Amino acid sequence: MNNPVRLDLENGIAVVTIDNPPVNALSHAVRAGLLRMIDTAEAGGAQAIVLIGAGRDFIAGADISEFGSPPKEPYLPDLCRRIEKSSCPVIAVLHGATLGGGLEVALSAHYRVATQTARIGLPEVLLGIIPGAGGTQRLPRLTGAEAALDLITTGRHVTAKTALELGIVDHLANAPPKEAGLAFAENIKGQGQRPTSDLPQPDAADFDAWYSRMEQVHRGQSAPKTAVRAIEAASSLPFEEGLLRERDLFLTLMDSPQRAGLIHAFFAERAVSKLPELKETNPRDIHTIGILGGGTMGAGIAAACLLKSLPVTLVDRTRAAADAARERIAQSIQGAVKRGKLEDAAPVMDQLVTTAEDLDLADADLIIEAVFEDMETKHEVFARLDAICKPGAILATNTSYLDINVIAARTSRPEDVIGLHFFSPAHIMKLLEIVVADKTAPDVIATGFSFAKRLGKTAVRAGVCDGFIGNRILSRYRMAMDNLVLDGASPYQIDNALTEFGMAMGPFAVADLAGLDIAWAARKRKAASRTPYERIPTFADRLCEMGRFGRKTGQGFYLYSEKAPQGIPDPEVEAIIAEERAKADIIPRDFRDDEIVLRFMLAIVNEAAYILDDGIARRPLDIDVTLVYGYGFPRWRGGPMHWADQAGLGRLLDSLHTLQDEDPHFWAIAPLLSRLAQSDQSFADLNKGMSR
Ligand code: CAA
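What comes next concerns the included structure. Computed from a predicted structure; not experimentally measured. (Residues numbered from 1 in each chain as written. Predicted model: local features only at pLDDT ≥ 70, side-chain atom pairs only at ≥ 80, totals over all residues. Heavy atoms only, no water.)

With 5 of 5 residues buried, strand S4 (residues 90-94) lies mostly within the body of the structure. Neither face of S4 is left uncovered, since the one carrying Val90, Ala92 and Leu94 and the one carrying Ile91 and Val93 both have all their residues buried. Bridge analysis of strand S3 (residues 48-53) against S4 gives 3 bridges, and the strand direction is parallel. Its bridge partner being in S4, isoleucine 49 is matched across the sheet by valine 90. Crossover handedness for the path S3 to helix H2 (residues 76-84) to S4: right-handed. (Buried < 20%, exposed > 50% of the residue type's maximum accessible area, 1.4 Å probe, protein only. Helix = DSSP H or I, 4+ residues; strand = E, 2+ residues; numbered from the N terminus. Pairing = 2+ DSSP bridges. Right-handed = clockwise from strand over helix to strand, strands pointing away.)

Pasting the structure below:
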């Protein structure tokens, strides 16, 4: 757009409108335009300047797509200084998204009016940076240091009402932005400018305690703790020096890999649902949901739907089982009330029917099967759904690994069959894998994505294979970590190294949580198809034989008690592992933490490259989002494929060659990885042009 900022004179008041769709981000052209319009308004003798955004939002912040390119003048801090020093009183009207640099512009104005729609915040830490245009210096002058520490270190948004209570805005208006600004300008006539930087310095807070808390809560992340130091400068340094300190800290973070990782995550999360093949496809209408199976998953999916006002009919085999499912769902809904997500559980529960009569699913628009993971059972269920469900209904399976093509073939309408793979607890976890079988119709895929959006979930398209994207990768890195234990590392060292790397939990703690018996059953099931080269983690079998199934039995890799609900290491487990190594004639060796992390990541990246080559994931970014949202991969590392690009594919390939010498079967290198490394390409290159 040529001119994203315009000026209209209304009775001597200059109304400056930022018009840069979709969210009025502060691109270079907007910054330059704003500067020009301030000059023009002053030169024209305007009595006041009113800043508004065209459309829904005031300004959603810096233009994130410009990050990583050399910055161009005018810089945002200079624009903010210019606004603050304007010879005309400047009024910012906060409406819609008023975030990051957008709020910094508003804080530099002399007065702030907010409309009811405003969502106000400094979310920079969520992008790996801190406010860099005076936000950490001006906000605490208005709110005090404690409130500023809270807002800036969490990046949370507040409503107009809260912003008024905190002192961020001067007035709440019940009018459209332009009218609100003009009316306010009328009221402050003759009152002149009121620069925020002239306000007294905020009182000191316990900055060291805040810093330590940030180190604990945001383990491994730089931005939240750096924000504390910047806000500290507001209370310890004169304004101009505080600005310089903020700028220094900001620029260091701007150059950091964490900033690059978080920006990648921001765009990847938005790109996952943009599939070129669905550009022209409309989703089917979904008004009612049927769920078959009221166990943990079925009940969780029901709660997820109910919490988004979708009526649910849930069927289980007996009346007693249906009642038990109702109880489970009620608990989840109550949990939402306790967490402040919902005011009253009763109207939500009124939208739920639980029954033992599967004919009650006949009118549902989307039926999600969440019964026992067994192909025979699924066959029976889908043949029955085919017989009773109305034409055009979508028949979805929540299977985690079974072949959906085989399931679909049991129906007369394979085009209506799709996989909707939820993660437990389904009403909380953000990820939904949308598993597309060979014959799934495009409008059924589109419905999967619109349904996910309705549930507030992030959906990723996956193809059919054992484990789809996420569990296929999980099973590979679990194997790599089991092999490491066989070779000498302890499960506790591995969990510790990986949580230090940023994983939400280590793989052995996760195994305890999921139940060791589940993987044991899978190992037994797959025993017949095992190749002679495969190494078997006999230590895990031994634990299961002893009835140590993880958290649910109080013992697994860890020991659990009331005093130690998160589990503590158990020397008995280490003794069992040592025995199993001795039986297999393995002489244990030491591994450094960085070697553990490298093997973990190589197992992920190599398997991910196979998954891409197989077409199970279409784009590397789909894998990044899957691992971040479903498997506790640190968002600030952008995802495993982004991590691999940063690490350098050539270097990773060299490491894989070394491991291949050790174990040629397990570490067989994915051809795609070799191709990319040899042609000097990255996974990011594969993402390009793959989103509509
Ligand atoms: N820069 C560039 N593009 C942005 C953007 C930004 N700050 N914010 C949003 N967009 C784009 C999105 O990528 C998306 O584009 P596509 O349609 O092409 O995918 C489009 O705007 C709409 O965004 P959403 O899909 O997210 O729409 P929404 O209505 O759900 O949410 C929003 C709107 C609340 C503004 C949300 O997009 C958001 O939180 N944006 C980020 C805001 C932010 O972090 N601002 C601070 C930036 S850092 C800063 O400002 C400090 C500094 O000066 C350096």
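Picking up after the structure, the text goes on.
A few words on helix H27 (residues 649-662). Three or four residues apart is the spacing at which side chains of an α-helix point the same way, because the helix has 3.6 residues per turn. Along its 14 residues, H27 runs 20 Å from first to last C-alpha, staying within 8% of the 20 Å computed at 1.5 Å per residue. All buried positions along H27 are accounted for by Leu649, Leu652, Leu653, Ser655, Leu656 and Leu659. In an axial view of H27, the angular spread of the buried residues amounts to 165°, which keeps them on one side of the axis. Facing away from the buried side of H27, by more than 90 degrees, are the exposed residues Asp654, Thr658 and Asp661. Packing partners of the buried residues in H27 comprise helix H24 (593-613), helix H26 (640-647), helix H28 (671-678) and helix H29 (683-687). (Expected span 1.5 Å × (residues − 1). Arc of directions from axis to C-beta. Contact = heavy atoms within 4.5 Å.)

Turning our attention to the site of the ligand. Around the ligand, a shell composed of 24 residues is seen, among which Ala60, Ala62, Gly101, Arg270 and Lys274 lie nearest. Side-chain polar atom of arginine 56 to an oxygen atom of the ligand: 3.1 Å apart, as the coordinates give it. Within the contact set of the ligand, an oxygen atom lies 2.8 Å away from a side-chain nitrogen or oxygen of arginine 270. Isolated, the ligand exposes 980 Å² of accessible area, and the fraction of that covered by the protein chains is 74%. Those elements giving two or more residues to the shell around the ligand turn out to be strand S5 (97-99) and helix H11 (257-271). Considering each element in turn, the shell around the ligand owes the most residues, 3 residues, to H11. Broken down by class, the residue content of the shell around the ligand amounts to 15 nonpolar, 3 polar and 6 charged. (Near = heavy atom within 4 Å. Polar contact = N/O pair within 3.5 Å; in protein donor to acceptor, adjacent residues only side chain to side chain. Areas by Shrake-Rupley, 256 points an atom, 1.4 Å probe, with all protein chains shown as cover. Nonpolar A, V, L, I, M, F, W, Y, C, P; charged D, E, K, R; others polar.)

When we look at a pair of aromatic rings, we describe it by the centre distance and by the angle of the planes. Counting across every chain of the model gives 10 aromatic pairs. Seen from their ring centres, phenylalanine 508 and phenylalanine 557 are 4.9 Å apart, and the 70° between their planes marks the pair as edge-to-face. Of this pair, phenylalanine 508 sits in helix H20 (residues 507-514) while phenylalanine 557 sits in the loop between helix H22 (538-545) and strand S18 (558-559), and the two are 49 residues apart along the sequence. With respect to burial, phenylalanine 508 and phenylalanine 557 carry one shared label: buried. Every member of this aromatic cluster is reached through a ring pair, and the members are Phe508, Phe539 and Phe557. Cation over ring: arginine 229 sits above tyrosine 211, and NZ or CZ is 4.2 Å from the ring centre. (Phe/Tyr/Trp six-rings, centres within 6.5 Å; stacked < 30°, edge-to-face > 60°. Lys NZ or Arg CZ within 6 Å of the ring centre and 35° of its normal.)

Another aspect to go through is the sheet that holds strand S12 (residues 352-355). Pairing in this open sheet of 8 strands is mixed, and the strands run S12-S11-S10-S13-S14-S15-S16-S17 from one edge to the other. Here the strands that pair on one side only, and so sit at the sheet edges, are S12 and strand S17 (458-463). On average, each strand axis in the sheet is inclined to that of its neighbour by 25°, with strand direction left out of account. Pairing of strand S11 (residues 312-315) with S12 involves 4 bridges; the strand directions are parallel. Across the sheet, valine 315 pairs through a bridge with threonine 355, a residue of S12. Across the sheet, helix H13 (residues 319-338) is in contact with S11 and S12; its angle to S12 comes to roughly 150°. Contacting strand S10 (289-292), strand S13 (366-369), strand S14 (394-397), strand S15 (417-422), strand S16 (431-436) and S17, helix H17 (residues 442-454) runs over the sheet at an angle of about 25° to S15. (Axes fitted to C-alpha atoms, helices over the stretch in contact; angles between N-to-C directions.)

Let's shift gears to the environment of proline 123. Here proline 123 lies in the loop between strand S7 (119-121) and helix H4 (135-143). Of the residues examined, proline 123 reaches a relative accessible area of 16% and is grouped as buried. Between the C-alpha atoms of proline 123 and glycine 100, which are 23 residues apart in sequence, the distance is 5.8 Å. In this view, proline 123 contacts Leu99, Gly100, Gly155 and His157; residues no more than four positions away in its chain are not counted.

Attention now moves to the pattern of salt bridges. Under the defined criterion, the tally for this structure stands at 48 salt bridges. Linking glutamate 215 and lysine 225 is a salt bridge whose minimum nitrogen-to-oxygen distance equals 3.7 Å. Note that glutamate 215 is positioned in helix H8 (residues 207-217) and lysine 225 in helix H9 (residues 223-236), a separation of 10 residues in sequence. For glutamate 215, a relative accessible area of 40% corresponds to the partly exposed category. Using a relative accessible area of 21% as the deciding quantity, one classes lysine 225 as partly exposed. Members of the salt-bridge network, linked through shared partners, are Arg81, Glu84, Arg138 and Glu240. (Salt bridge = Lys/Arg side-chain N within 4 Å of Asp/Glu carboxyl O.)

This brings us to the sheet that holds S4. Within the open sheet, the 6 strands sit side by side as S1-S2-S3-S4-S6-S9. Their pairing is mixed. In this open sheet, the two edge strands, each paired with only one partner strand, are strand S1 (5-10) and strand S9 (171-173). The average angle at which neighbouring strand axes cross in this sheet is 25°, direction not considered. Looking at chain direction, strand S6 (residues 111-115) and S9 are connected through 3 bridges and run parallel. Residue threonine 115 lies in a different strand from S9, and its bridge partner there is alanine 173.

Of note, the bond from proline 21 into proline 22 is cis; its omega dihedral lies within 30 degrees of zero at 5°. Position of proline 22 relative to the elements: it lies in the loop between strand S2 (13-18) and helix H1 (28-43). Cis geometry marks the peptide bond from serine 424 to proline 425; its omega dihedral reads -5°. Structurally, proline 425 is set in the loop between S15 and S16. For phenylalanine 468, which is not glycine, the phi torsion reads 55° and is therefore positive. Mapped onto the elements of the fold, phenylalanine 468 is located in the loop between S17 and helix H18 (470-487). Residue class for phenylalanine 468 comes out buried when judged on its relative accessible area of 0%. A positive phi angle, close to 60°, is found at aspartate 680, a residue other than glycine. If you trace the backbone, aspartate 680 turns up in the loop between H28 and H29. Since its relative accessible area comes to 73%, aspartate 680 is described here as exposed.

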